[in-house]
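Listed here are the chains, written in short residue letters.
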Amino acid sequence: MQDQGKFSIGMSVQFNSDELFYYLKLAAVGTIGAMTLHTAYKFYLNLRHEKGRSRWKEFLAAIGFIPPLIPTALSSGPLSLSLDSKHPLNHNVTRFRFLLPESDQVIGLRPGQHVAIAATVGGKRVVRMYSPVSGNEARGYVDVVIKRYEGDHALSKHIHSMREGEKLEWDGPRGHIVYKGRGAFLIGRSKKRDKRSFSHMTAIAGGTGITPLLQILKSSLEDYSDCSNLHLIFANSTEKDVFLKEELDMLAETHSNRFRLTYTVSQPGDGWRACVGRPDSAEVLKLIAPPSDNHVVMLCGPNPMVKAVVTALKGIGHQERNVLVF
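Keep in mind that this is a model prediction, so the values were computed, not measured.

Novice: What am I meant to see in the sheet that holds strand β9 (residues 177–181) here?
Specialist: Within a sheet, adjacent strands bond to each other through the backbone by hydrogen bonds, running parallel or antiparallel. One open sheet accounts for 3 strands, arranged β9-β10-β11; its pairing is antiparallel. Both edges of this open sheet fall to β9 and β11 (194–197), since each of them pairs with a single strand only. Averaged over all pairs of adjacent strands, the angle between strand axes in this sheet comes to 25°, irrespective of strand direction. Two elements, strand β10 (residues 184–187) and β11, share 4 bridges in a ladder whose sense is antiparallel. For Ala184, the partnering residue across the bridge sits in β11 and is Ser197.

Novice: Got a minute to help me understand the pattern of salt bridges in this structure?
Specialist: Pairing between side chains of opposite charge can happen when the charged atoms of each approach one another. Applying the stated criterion across every chain, the model contains 13 salt bridges. A salt bridge links Lys286 to Glu283; its shortest N-O distance comes to 3.3 Å. Owing to a relative accessible area of 58%, Lys286 belongs among the exposed residues under this scheme. Judged by relative accessible area, which is 42%, Glu283 ranks as partly exposed.

Novice: Hey, could you run me through the environment of Ala308 in this one?
Specialist: Its location among the elements puts Ala308 in helix α7 (residues 303–315). The exposure class assigned to Ala308 is partly exposed, which follows from its relative accessible area of 22%. The sequence separation of Ala308 and Arg278 amounts to 30 residues, and the corresponding C-alpha distance is 9.6 Å.

Novice: Looking at this structure, how should I read the nonpolar core?
Specialist: For soluble globular proteins, nonpolar side chains are generally found buried alongside one another. Counting residues in each nonpolar core, the largest one holds 35 residues, and the members touching the most others are Phe185, Ile210, Leu232, Phe234, Leu248 and Phe259. Of all the elements in the fold, those that place two or more residues in this core are β9, β10, β12 (200–206), α4 (210–222), β13 (229–236), α5 (245–254), β14 (259–265) and β16 (295–300). Per element, the largest residue contribution to this core is 6 residues, and it comes from α4. Every residue in contact with Phe234, bar those within four places of it in the chain, is listed here: Ala205, Gly207, Ile210, Val242, Phe243, Leu248, Thr262, Tyr263 and Thr264. Core analysis: the next-biggest nonpolar cluster, separate from the first, contains 23 residues, Leu100, Val115, Ala119 and Ile146 among them.

Novice: Is there a simple way to explain the packing of aromatic side chains in this structure?
Specialist: Any two aromatic rings considered together are summarised by their centre-to-centre distance and by the angle between their planes. All chains considered together, the criterion is met by 5 aromatic pairs. Ring geometry for Tyr179 and Phe185: centres 4.9 Å apart, planes at 55°, overall tilted. We note that Tyr179, like Phe185, is buried. Aromatic side chains Phe234 and Tyr263 sit 6.4 Å apart centroid to centroid with 50° between the ring planes, which places their arrangement in the tilted category.

Novice: Can you walk me through α5 in this structure?
Specialist: The set of residues buried in α5 consists of Leu248, Leu251 and Ala252. Seen end-on, α5 carries its buried residues on one side only, within an arc spanning 95°. In α5, the exposed positions angled more than 90 degrees off the buried face are occupied by Glu246, Met250 and Glu253. Close packing links the buried residues of α5 with α4, β13 and β14.

Novice: Quick question: what am I supposed to make of the packing of α4 against α5 here?
Specialist: Relative orientation of the contacting elements α4 and α5 amounts to 30°, with a least axis distance of 12 Å. With respect to each other, α4 and α5 are oriented roughly parallel. Relative to α5, the crossing made by α4 is left-handed. Mapping the contact onto sequence places Ile210, Leu214, Lys218 and Leu221 in α4 and Glu247, Leu248 and Leu251 in α5. Looking at the contact of α4 with α5 residue by residue, the classes come out as 5 nonpolar, no polar and 2 charged.

Novice: Would you mind showing me how to read the environment of Arg174 here?
Specialist: Examined against the element boundaries, Arg174 turns out to sit in strand β8 (residues 167–174). A relative accessible area of 31% means that Arg174 is categorised as partly exposed. Put simply, Arg174 and Ala116 are 58 residues apart on the chain and 7.3 Å apart in space, counted from C-alpha to C-alpha. Among all residues touching Arg174, those that are not within four sequence positions of it are Gln113, His114, Ala116 and Met129. In this structure the side chain of Arg174 is engaged in a polar contact, spanning 3.3 Å, whose partner is the side chain of Asp171.

Novice: Sorry if this is basic, but what is going on with the sheet that holds β8 here?
Specialist: One open sheet holds the 6 strands; their spatial order is β6-β5-β8-β3-β4-β7, and the pairing between them is antiparallel. Looking at the sheet topology across the chains shown, the edges are occupied by β6 (124–130) and β7 (141–147). In this sheet, adjacent strand axes meet at a mean angle of 40° when their direction is disregarded. Bridging between strand β3 (residues 79–88) and strand β4 (residues 93–99) involves 6 bridges; their strand directions are antiparallel. Pairing of Ser85 across the sheet is with Arg97, part of β4.

Novice: Would you mind going over the pairing of strand β5 (residues 114–121) with me for this structure?
Specialist: Consecutive residues of a regular strand have side chains that alternate between opposite faces of the sheet. As judged from the 4 bridges shared by β5 and β8, these two strands associate in the antiparallel manner. By the bridge assignment for β8, Ala118 is matched with Glu169. Note: β5 against β6, 7 bridges, orientation antiparallel. In the sheet register, Val115 faces β6, and the bridge partner there is Tyr130. With antiparallel pairing between neighbouring strands as the criterion, β5 and β6 make up a hairpin whose turn holds 2 residues, including Gly122 at a positive phi of roughly 60°.

Cut-offs and rules
- Residues numbered from 1 in each chain as written.
- Predicted model: local features only at pLDDT ≥ 70, side-chain atom pairs only at ≥ 80, totals over all residues.
- Heavy atoms only, no water.
- Pairing = 2+ DSSP bridges.
- Helix = DSSP H or I, 4+ residues; strand = E, 2+ residues; numbered from the N terminus.
- Axes fitted to C-alpha atoms, helices over the stretch in contact; angles between N-to-C directions.
- Salt bridge = Lys/Arg side-chain N within 4 Å of Asp/Glu carboxyl O.
- Buried < 20%, exposed > 50% of the residue type's maximum accessible area, 1.4 Å probe, protein only.
- Core = buried A, V, L, I, M, F, W, Y, C linked by side-chain atoms within 4.5 Å.
- Contact = heavy atoms within 4.5 Å.
- Phe/Tyr/Trp six-rings, centres within 6.5 Å; stacked < 30°, edge-to-face > 60°.
- Arc of directions from axis to C-beta.
- Parallel < 35°, antiparallel > 145°, perpendicular 65-115°, else oblique.
- Left-handed = near helix turned anticlockwise from the far one by under 90°.
- Nonpolar A, V, L, I, M, F, W, Y, C, P; charged D, E, K, R; others polar.
- Polar contact = N/O pair within 3.5 Å; in protein donor to acceptor, adjacent residues only side chain to side chain.

See the structure below:
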């Protein structure tokens, strides 16, 4: 027979009403705590990935907690973009403008990232990586600068032969280096990214290898809270191979307090008055700031050039961890 105010569980355990209420409260608190920890862990995992952070930003913007987000074209997945116009920059380099799906969209790349561009050429699907030269200030379009190569470079020839209205497939963002601003970089793949900060940045670009480096330089120069000291060394074979000169000269003039610009060619003409030498030559290397953990050297260009410059930089004391190859 059960006593009044007591409850039995099984054959031997008995609780009065106060004890039972206490244990029920304890169980409820434990359950809520476990659910909270589980939700917090899922939130943490979400924030570690770009798409997860984007979803949370969209939610916060939707409830008015942060300003409305600018729609990004790449957030919806692969794109098919049509050619709007093309503007030759020299004898074999052209600036191409492609239209985004919506006129208020931006491409959605962070400085340092690139896209995969694909087309079917001669019955085969060809994919190459390109870094746009327009940033997220460009609404409704994206610009890429592409050199026409001979030989087996089927995609570059295909793009140069395109007519207005023809389309290419775009996918991204890609890349393992992202410039966060104010001298800070995220380096590595999404799960193993290392955050590094530098007060001095040297960019060494060979030909169209300037495109990802220009993204970073412009991002820094457009941010008046970014005090990084910048130096661009733009290497080409001859003077006629130089392109984007007007834009680069304007940046150097406008930001002369912290941006230095050096042109160098390996085959100078009679009228050439700037630096002469390959990027790995002593003439160019002596222009680079001394090695330091506050100084990063960024490289992009043809593979033989990049390998030669990396070797030369190591020879004058630059540590591999302070050299970023795009």
